[in-house]
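Report on the structure
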Amino acid sequence: MSAELHSPSIVYSRMPLIAAIAGVIAIMGSFLTPVTAFNTDEVAYIEMARAMAERGSLFVDHQAAPADAPALTRTYWVATAHGDRVVPQYPSGYALVAAPFYKLFGLKGLVLMNAIAGFLALWLTWKIALRMTADETIAATALLIAAFASYISSYMFAIWPHALALGVVLAGVLLVLDAAEKQGRDRYWRASAAGLFFGLGMFFRMDAVLLAAAVFFWLRLFALPKDRLIAIVFLVSLIPALWLSAWINEIKYDIFQPFTYGPKEDSNDNFYNYVLFGAVGIGGLIFSFVIDTSQAWVRRAVDAVRQPKVLGLCAIAIGAIALFVDPLFSLLRGVYVLTFDIQALAKENFVEGLYRNHYGQIDYWGLPKKAFFQNLPFAALALAPIMMFFRGVNVKTTGFCLLIIGAPLAFYSIRSFQGGMTFNMRYFLPMIPFVAILSAVALGEIQRKANLSPKTFRYSLFAGAFAGVLFYSTLSTLHAPWAIPLSLYPQLAVFLALGAVVIYEFFADTPGVNKTALILSGIAFGYASILSLNDAAGNTNIRVRTVEFEQAHPGLFKPGSLVLSSREHALVGASLNGVHVSRAETGEEDITAQAIAAYINDGRCVYIHTKLGLDQSGLSDVVDISPPRAQNATAEDNAIYTLPGLAEKCGFG
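Every value quoted in this text rests on a predicted model; they were computed, and no experiment measured them.

**What about the confidence of the model for the chain?**
For the chain, per-residue confidence averages 86 on the pLDDT scale, and residues scoring 70 or more make up 91% of the total. By mean pLDDT, helix α1 (residues 15-32) is the weakest element of the chain at 67, and helix α7 (residues 162-179) is the strongest at 96. Below a pLDDT of 50 lies the segment residues 2-13, which in the model reaches 27 contacts outside its immediate sequence neighbourhood of four places, other chains included. Across residues 265-272, where pLDDT falls below 50, the model places 20 contacts with residues more than four positions away in sequence or in other chains.

Encoded structure:
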């Protein structure tokens, strides 16, 4: 990675063809993917797209409910009743963009949208890497890492908005990198356009504001410390999207704020829970405007601080202070949990879907939940450019990557919020392109120094892939107590071994160590590719089981009926067929009873789906009408009840 950003003058003769082939594959994959909701979040996104496509509405009310039926929570936490409307908590930009895709292609259109966005995100990763390094090999390596050795593909063929937000934000990144190298009006026009893209990213996912903050600090501290105007232009360009978000939130919640999930108590997702983080951010913003890092005294101070002994003392001091300052301790512990070992997650940070099994191990729907480095063991390579950064080498480019990586890492580590119902750290998705770039830079340098045959690296790749299959997919299935440990810790051992060799090589710089580092790198990439495939396969398998349940009992619920469920994602097909699927919630028994009475009085059927749904509904006098077990359906999915007097009219068959 060069010390400055470059404008490469390389002819990319093959990239258009490669891009065209990859785009076709992405589109074909979106139509081949089994489509239904993965979890309750995706139910909300489906309903948002549907409401906007069919009615031009921001609300996800059930349209065919009896006139006197109260509004019911549509899906757990994320589409809840406020007065007489059902309001999705997520930013409504998704609905606006997804609506035409839904209109044209139904549910598959939502996957198609993300497949296109994910493809663009990968292409932009290549462009950003090339912009930073002016090296086609490094840029291609970063692209391959992001595409095949990370979990980006899990979100390309899904309904979540993460791939969409990532593609938009990376477009902003490319613009701001370009702006930093321009002069005059060109600089400010590009900075303004970058701000608009980051604002648009917030319109899909609120945490894009973290990445915008990282860009602002990069402009002030690393890129153009003498030019305060470009940072102001970037900030001002965020305002249109922030104002639009606040206006839409006022329509939805009567709250004119850009960052809110509505008036919910004890919401883990509300940005106002992060007061300390906000205070530090505002303080840093003010400080960054005051200081000019290009001044000689600042450079002398930085040179003094980045001496190895001083850095070591700073690390010791931070650790000592953390023992007595709980927010700092929580932050450091969160970093460890979310990056190294999700098994250390505290019980109070659990969300639905996470459990401790009989052996005291945390799993997610019976499958391994992985911390960031347990998905990306090759990320230890990034230590090499990071250490060079602290030596004053490649400060501008590496500093950009570190700020983008550090913003979501710090924010979500404050409360160890681990991304909810997924196998991986979905909130860390924007970090992946920049970890890939840093890793590609380090790998290129290691390959140069090791001077080994390309076959050696290929063999190590195959060895890593074989090890991934052996530990993750084979041995872990043989003995239940081994399942979680063998799914998590072998790749963490690879990460630690590679990290140790990279650090040693940094100080020793011997050919033998570089050869070891290259072999371990190949193993790490091969292992990560198997983890990537398994994450994608695990997501697909859950969707397949849900589709099989829906297809095994088509028309089970009468159109216009009410279904109270704890697993709304298993009933998307019924919902699209005119069935009112709502969340049975503890504490809402009175409202639930009113809704049931309204449906019965209107001559409609009422069902309760799953044992948990029955428990939460507050009903006790029910009739079990569970159908014959669908293949691969869980007992919970198959459990269906109705009320006495409705069994004959509403029963299965």
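Additional details are given in the paragraphs that follow.
**Some points on the environment of glycine 560**
Relative to the assigned elements, glycine 560 resides in the loop between α22 (511-552) and β5 (562-565). Residues glycine 560 and alanine 71, 489 residues apart in the sequence, show an inter-C-alpha distance of 15 Å. Excluding residues that lie within four positions of it along the chain, glycine 560 makes contacts with Gly578, Val579, Tyr599 and Arg604.

**Observations regarding the sheet that holds strand β6 (residues 580-583)**
Note on sheets: strands pair through backbone hydrogen bonds, and any given pair is parallel or antiparallel. Read across the open sheet, the 5 strands follow the order β6-β5-β7-β9-β8; overall the sheet is mixed. Unpaired on one side and paired on the other, β6 and β8 (623-624) mark the two borders of the sheet. Bridge count for β8 against strand β9 (residues 640-642) is 2 bridges, and the pairing is antiparallel. If you follow valine 623 over to β9, its bridge partner there is threonine 642. The strands touched by helix α24 (residues 589-601) within the sheet are β5, β6 and β7 (606-609), with β5 carrying the most contacts at an inclination of about 155 degrees.

**Considering the pairing of strand β2 (residues 85-88)**
Side-chain positions along a regular strand alternate between the two faces of the sheet. Pairing geometry for strand β1 (residues 79-82) and β2, over 4 bridges, is antiparallel. From the neighbouring strand, alanine 79 faces β2, where its bridge partner is proline 88. Taking the residues between adjacent antiparallel strands as the criterion, β1 and β2 are bridged by 2 residues, where glycine 83 takes a positive phi near 70 degrees.

**Some details on the pattern of salt bridges**
A complete count under the given rule lists 20 salt bridges for this structure. We note a salt bridge from arginine 85 to aspartate 61, for which the minimum N-O separation is 2.6 Å. One end of the pair, arginine 85, is in strand β2; the other, aspartate 61, is in the loop between α2 (40-55) and β1, with 24 residues separating them in the sequence. Residue arginine 85 is classed as partly exposed on the basis of its relative accessible area of 31%. A salt bridge links glutamate 568 to arginine 583; its shortest N-O distance comes to 2.8 Å. Taken together, the residues glutamate 568 in the loop between β5 and α23 (572-576) and arginine 583 in strand β6 connect sequence positions 15 residues apart. For the residue pair glutamate 568 and arginine 583, the accessibility class agrees, reading buried in each case. Bridged by salt links that share partners, the residues Glu47, Arg50, Glu54 and Arg74 form one connected network.

**So, the nonpolar core**
Membership of the largest hydrophobic core comes to 160 residues, with the highest contact counts inside it found for Tyr94, Phe372, Phe400, Phe428 and Phe434. Per-element tally for this core: the top contributor is helix α4 (residues 107-133), with 15 residues. Excluding its chain neighbours within four sequence positions, the residues that come into contact with phenylalanine 434 are Ile128, Leu170, Val173, Phe400, Cys401, Ile404 and Ile405.

**Here we look at a nonpolar patch on the surface**
On the surface, Leu229, Ile232, Val236, Ile239, Trp243, Trp247, Ile251 and Phe256 cluster together into a nonpolar patch covering about 770 Å² of accessible area. Those elements that place two or more of their residues in the nonpolar patch are α10 (228-236) and α11 (239-253). Mapping valine 236 onto the fold places it in helix α10. Classification of valine 236 by relative accessible area gives partly exposed; the value is 46%.

**Things to note about the packing of aromatic side chains**
Two aromatic rings are characterised by how far apart their centres lie and by the angle between their planes. Under the criterion given, the structure shown has 27 aromatic pairs. Each ring, one from tryptophan 243 and one from tryptophan 247, has its centre 6.1 Å from the other, and the planes form 5 degrees; the classification is stacked. Here the residue tryptophan 243 and the residue tryptophan 247 both occupy positions in helix α11, the gap between them amounting to 4 residues, near one helical turn. Members of the aromatic cluster, joined through ring pairs, are Tyr336, Phe340, Phe372, Phe373, Phe428 and Phe495. Sitting over the ring of phenylalanine 59, arginine 85 keeps its end group 4.1 Å from the ring centre.

**Digging into α2**
When the terminal C-alpha atoms of α2 are compared, their 22 Å separation across 16 residues agrees well with the 22 Å that a helix rising 1.5 Å per residue should span. Across the 16 residues that make up α2, a large majority, 14, are buried. The N-cap residue of α2 is asparagine 39: its side-chain oxygen and the backbone nitrogen of aspartate 41 are 3.2 Å apart. Following α2 by one or two positions, glycine 56 adopts a phi angle in the positive range, close to 65 degrees.

**Some thoughts on the side chain of serine 582**
The topology assignment puts serine 582 in strand β6. Residues within four places of serine 582 in sequence aside, it is in contact with Leu72, Thr73, Arg74, Val563, Leu564 and Ser565.

**Description of the packing of helix α8 (residues 184-204) against α10**
Running from amino to carboxyl end, α8 crosses α10 at an angle of 35 degrees, the nearest separation of the two axes being 7 Å. Read as a crossing pair, α8 and α10 show a hand that is right-handed. Residues Arg187, Tyr188, Ala191, Ser192, Ala194, Gly195 and Phe198 of α8 touch α10, and the partners they reach there are Leu229, Ile230, Val233 and Phe234. Looking at the contact of α8 with α10 residue by residue, the classes come out as 8 nonpolar, 2 polar and 1 charged.

**Points about the packing of helix α17 (residues 383-390) against helix α18 (residues 395-413)**
Between α17 and α18, the least distance of the axes is 9 Å, while the angle of their chain directions is 125 degrees. On the basis of the axis angle, α17 is oblique to α18. Crossing handedness for the pair α17 and α18: left-handed. Of the residues in α18, those in contact with Pro385, Ile386 and Phe389 of α17 are Val395, Thr398, Gly399 and Leu402. Split by residue class, the contact of α17 with α18 holds 5 nonpolar, 2 polar and no charged.

Thresholds applied
Residues numbered from 1 in each chain as written. Predicted model: local features only at pLDDT ≥ 70, side-chain atom pairs only at ≥ 80, totals over all residues. Heavy atoms only, no water. pLDDT = per-residue confidence, 0-100. Helix = DSSP H or I, 4+ residues; strand = E, 2+ residues; numbered from the N terminus. Contact = heavy atoms within 4.5 Å. Pairing = 2+ DSSP bridges. Axes fitted to C-alpha atoms, helices over the stretch in contact; angles between N-to-C directions. Salt bridge = Lys/Arg side-chain N within 4 Å of Asp/Glu carboxyl O. Buried < 20%, exposed > 50% of the residue type's maximum accessible area, 1.4 Å probe, protein only. Core = buried A, V, L, I, M, F, W, Y, C linked by side-chain atoms within 4.5 Å. Patch = residues over 30% accessible without salt bridge, like charges linked within 9 Å, V, L, I, M, F, W, Y side chains within 5 Å. Areas by Shrake-Rupley, 256 points an atom, 1.4 Å probe, with all protein chains shown as cover. Phe/Tyr/Trp six-rings, centres within 6.5 Å; stacked < 30°, edge-to-face > 60°. Lys NZ or Arg CZ within 6 Å of the ring centre and 35° of its normal. Expected span 1.5 Å × (residues − 1). Polar contact = N/O pair within 3.5 Å; in protein donor to acceptor, adjacent residues only side chain to side chain. Left-handed = near helix turned anticlockwise from the far one by under 90°. Nonpolar A, V, L, I, M, F, W, Y, C, P; charged D, E, K, R; others polar. Parallel < 35°, antiparallel > 145°, perpendicular 65-115°, else oblique.

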